[in-house]
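# Structural characterization, general
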Amino acid sequence: MRLARLCAAALLGPMALLATSALARDDGRYANSPLKPWFESLHSQYGQCCSDADGYVIADVDWESDRGHYRVRIDDEWVVVPDGAVITEPNKIGRTMVWKHYVDGHPRVRCFMPGSMT
């Protein structure tokens, strides 16, 4: 149940395009989404993205790229994205997403999927 709940934010589709941040909440409405298996398959060097943290859509102003390295703003704190956290497969939704966790009260990135910066 937790896996389904955690991945639901990524399945919000049209709502994700309007929101700057989407918190995963699975009430069953995305069970038949064609993107659900894709989101559940996403992983970084730190493991499966949807297994331990909620996925959030990140607004273009809240992430940046510099020579292939990324930073994201989470909870008003700029966080360096570890290279191993970057998802390198094609982004099927086009929006930037981050899966986070906390260490000593500070956000860290488990998975990061860059978007198109439109």
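Per chain, the residues get numbers from 1 upward, laid out in the order the sequence is written. Under the rules for a predicted model, residues below a pLDDT of 70 receive no local features and side-chain atom pairs below 80 are neither given nor counted, while totals for whole chains, interfaces and linings still include all residues. Water and hydrogen atoms play no part in the side-chain values, which are based on all heavy atoms of the structure.

### Quick notes on the nonpolar core
For the purposes of this section, nonpolar cores are sets of buried Ala, Val, Leu, Ile, Met, Phe, Trp, Tyr and Cys residues that join through side-chain atoms within 4.5 Å. Summary of the burial criterion: residues with accessible area below 20% of their type's maximum are buried, those above 50% are exposed, and those between are partly exposed, where the area comes from a 1.4 Å probe applied to protein chains only. Counting residues in each nonpolar core, the largest one holds 13 residues, and the members touching the most others are Val72, Val81, Val98, Val109 and Phe112. To qualify as a helix, a DSSP run of H or I must reach at least 4 residues; to qualify as a strand, a run of E must reach at least 2; elements of each kind are numbered from the N terminus. The leading source of residues in this core is strand β5 (residues 69-74), at 3 residues. Every residue pair with non-hydrogen atoms within 4.5 Å of one another is taken to be in contact. Ignoring any residue separated from it by four or fewer positions in sequence, one finds Val109 in contact with Val72, Ile74, Val79, Val81, Pro82, Ala85, Val98, Trp99 and His101. Formed by 11 residues, the second largest nonpolar core is a distinct cluster that contains Trp38, Ile87, Cys111 and Met113.

### Focus: the side chain of Ser44
By secondary structure assignment, the location of Ser44 is in strand β1 (residues 43-44). Of the polar contacts made by the side chain of Ser44, one reaches the backbone oxygen of Arg110; its length is 2.8 Å. When neighbours within four sequence positions are excluded, Ser44 is seen to be in contact with Cys49, Gly84, Ala85, Arg110 and Cys111. Pairing of N or O atoms within 3.5 Å defines a polar contact, subject to two protein rules: one partner must be a possible hydrogen donor and the other a possible acceptor, and residues neighboring in sequence count only if both atoms are side-chain atoms.

### A word on the state of the cysteines
For the purposes of this analysis, a disulfide is any pair of cysteine sulfur atoms at a distance within 2.5 Å. Across all of its chains, the model carries 1 disulfide by this definition. Each sulfur in the disulfide pair Cys49 and Cys111 lies 2.1 Å from the other. In this structure, the disulfide formed by Cys49 and Cys111 twists by about -95 degrees around the S-S bond and is classed as left-handed. Of this pair, Cys49 sits in helix α4 (residues 49-52) while Cys111 sits in strand β8 (residues 106-113), and the two are 62 residues apart along the sequence.

### Structural notes on the confidence of the model for the chain
Note: predicted coordinates in regions of low pLDDT should not be interpreted at a detailed level. Of all residues in the chain, 70% attain a pLDDT of 70 or more, and the chain-wide mean is 77. Here pLDDT means the predictor's own confidence in every residue, given as a number from 0 to 100. In the model, residues 1-25 has pLDDT below 50 throughout and makes 59 contacts with residues more than four positions away in sequence or in other chains.

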